[in-house]
Amino acid sequence: MQYRLLGKTGMKASMIGLGTEHLDGKEYGAVEETIQAALEYGINMMDLFMPGSDIRQKIGKALGDKRNQMIIQGHIGSTDIGQQYSTSRDLAICLKYFEGLMRDLGTDYIDFGMLYLIDNEETFDQVFHSDLVRYAQRLKQDGTIRGIGASSHDPVIAKKIVETGVVDLLMFSINPAFDMFPADMHIFGYFANEYDKNRMVAMDPRRLELYRTCEALDIPITVMKSLGGGRLLSEEYSPFSTPLTVHQCVHYALSRPSVRSVLVGCQSRTQVEEAIAYLTADPASLDYTEALRSMSSEFQGSCVYCNHCQPCPAGIDIAAVTKYADIAQMDKNAASQGIGQHYRALAAHASDCIQCGSCEKRCPFSVPVMDNMERAKGIFQY
């Protein structure tokens, strides 16, 4: 397993994480099998948003004395009033369900207390202009949670959330289809078949700005819906010319700025092993670029950080250099702050470019890589 640092928290998350939604309603044997397989393979990041005590207790039992080996995202505001998934912004109700989560899991702390499902201005105000955010801050202060997180599907609202300075982590929905939807398209329209693939664009600029903002502010992203609810794997429902694979979807998400862990929904050992196989997959099998090119010619000239340009004879991580330059260009202070530190930590820099052009010959999107290296050298001064 490979691990990535979760921002300023000091915690490190497995690049492959576990989404537990598909375990809801399963017999304990299936839950135990899945959790134990995840632990055995080094998965240490889990999202648990489901509000029902039954599934929470089963997961708690399956974790047993290995609770401290798993970083758990537990949600503040996820309820099942009326025996149905629902969302509450009432402090007393949220407190009841969050305390119930710890009781069901048999733990006295949750790693990330997630402010649940903030997708529009109304829900943003209900959380960040209320006692709910102060409740989360108190939980962090007394050590009941180790960090504050938030979940969202909307890039504008998500950017607003991370810019509050309150959250330590963002859970966001990322896959190539969602990134290519036009700005007026909400992702849930995809699940309702209310989308037109002919309107797909190169990249929703609002989503790209979110990723770069998170990287600049050192806010880690954990990814939900990386497979588009399984639709991206389906010949019938994928918006691309051919279905993507699980590993291509995971690879795409992990290549976005600030992404630290992709939470793959699993309900068996076999599915855990399929997800984990990403780590040893043939690099050629991870290639998602043909699907992107089949949908939009607008990608031409734009770096999508896919690393097709590698290997570089000068040892430059071209995708990382380009990513940091893009972020610094967006935020003029970034070059002298966190992004500048990330850039300096690279083994080779833009100034090491020998202008051989081998990268440009490999790039599937005709990116002017050598020009980008000159741009980065100008921004970072070496």
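Structure: above.
Notes on the structure follow. (Residues numbered from 1 in each chain as written. Predicted model: local features only at pLDDT ≥ 70, side-chain atom pairs only at ≥ 80, totals over all residues. Heavy atoms only, no water.)

Regarding the pattern of salt bridges
Okay, step 1: Inspection of the entire model under this criterion finds 14 salt bridges.
Okay, step 2: Measuring nitrogen to oxygen at the nearest pair gives 2.8 Å for the salt bridge that ties Lys159 to Glu163.
Okay, step 3: Owing to a relative accessible area of 45%, Glu163 belongs among the partly exposed residues under this scheme.
Okay, step 4: For Glu209, the salt bridge identified is with Lys159, shortest N-O distance 3.7 Å. Separated by 50 residues along the polypeptide, Glu209 in helix H9 (residues 205–217) and Lys159 in helix H6 (residues 155–162) bring together distant segments of the chain.
Okay, step 5: On the basis of relative accessible area, Glu209 is assigned to the partly exposed category, the value being 35%.
Okay, step 6: With relative accessibility at 19%, the residue Lys159 sits in the buried group. (Salt bridge = Lys/Arg side-chain N within 4 Å of Asp/Glu carboxyl O. Buried < 20%, exposed > 50% of the residue type's maximum accessible area, 1.4 Å probe, protein only. Helix = DSSP H or I, 4+ residues; strand = E, 2+ residues; numbered from the N terminus.)

A closer look at the side chain of Asp168
Okay, step 1: Summarising the element assignment, Asp168 is placed in the loop between H6 and strand S10 (169–173).
Okay, step 2: Look at Asp168 and you get buried, because its relative accessible area is 16%.
Okay, step 3: At a separation of 3.0 Å, a polar atom in the side chain of Asp168 contacts the side chain of Lys140.
Okay, step 4: For Asp168, the residues in contact, after removing those within four places along its chain, are Thr9, Phe112, Lys140, Gly147, Ile148, Ile219 and Pro220. (Polar contact = N/O pair within 3.5 Å; in protein donor to acceptor, adjacent residues only side chain to side chain. Contact = heavy atoms within 4.5 Å.)

With respect to the packing of aromatic side chains
Okay, step 1: In total, this model carries six aromatic pairs according to the counting rule given.
Okay, step 2: Here Phe172 and Tyr211 contribute two aromatic rings whose centre-to-centre distance is 6.4 Å and whose plane-to-plane angle is 75 degrees, an arrangement assigned as edge-to-face. Highlighted residues: Phe172 in strand S10 and Tyr211 in helix H9, separated in sequence by 39 residues. Tyr211 shares its class with Phe172; the two are buried.
Okay, step 3: A ring pair is formed by Tyr343 and Phe380, whose centres lie 4.0 Å apart and whose planes are at 10 degrees; its orientation type is stacked. Here the residue Tyr343 occupies a position in helix H14 (residues 338–344), and Phe380 occupies one in helix H16 (residues 369–380), the gap between them amounting to 37 residues.
Okay, step 4: Note on Tyr343: relative accessible area 0%, which makes it buried.
Okay, step 5: In this structure Phe380 comes out as buried when scored by relative accessible area, which is 8%.
Okay, step 6: Three or more aromatic residues joined by ring pairs make a cluster, and in this case those are Tyr343, Phe380 and Tyr382.
Okay, step 7: Taking NZ or CZ as reference, Arg67 lies 4.1 Å from the ring centre of Tyr109, over its face.
Okay, step 8: Between Arg256 and the ring centre of Tyr252, over which it is positioned, the NZ or CZ distance is 4.2 Å. (Phe/Tyr/Trp six-rings, centres within 6.5 Å; stacked < 30°, edge-to-face > 60°. Lys NZ or Arg CZ within 6 Å of the ring centre and 35° of its normal.)

From the geometry alone we can't say anything about function, so treat these as descriptive.
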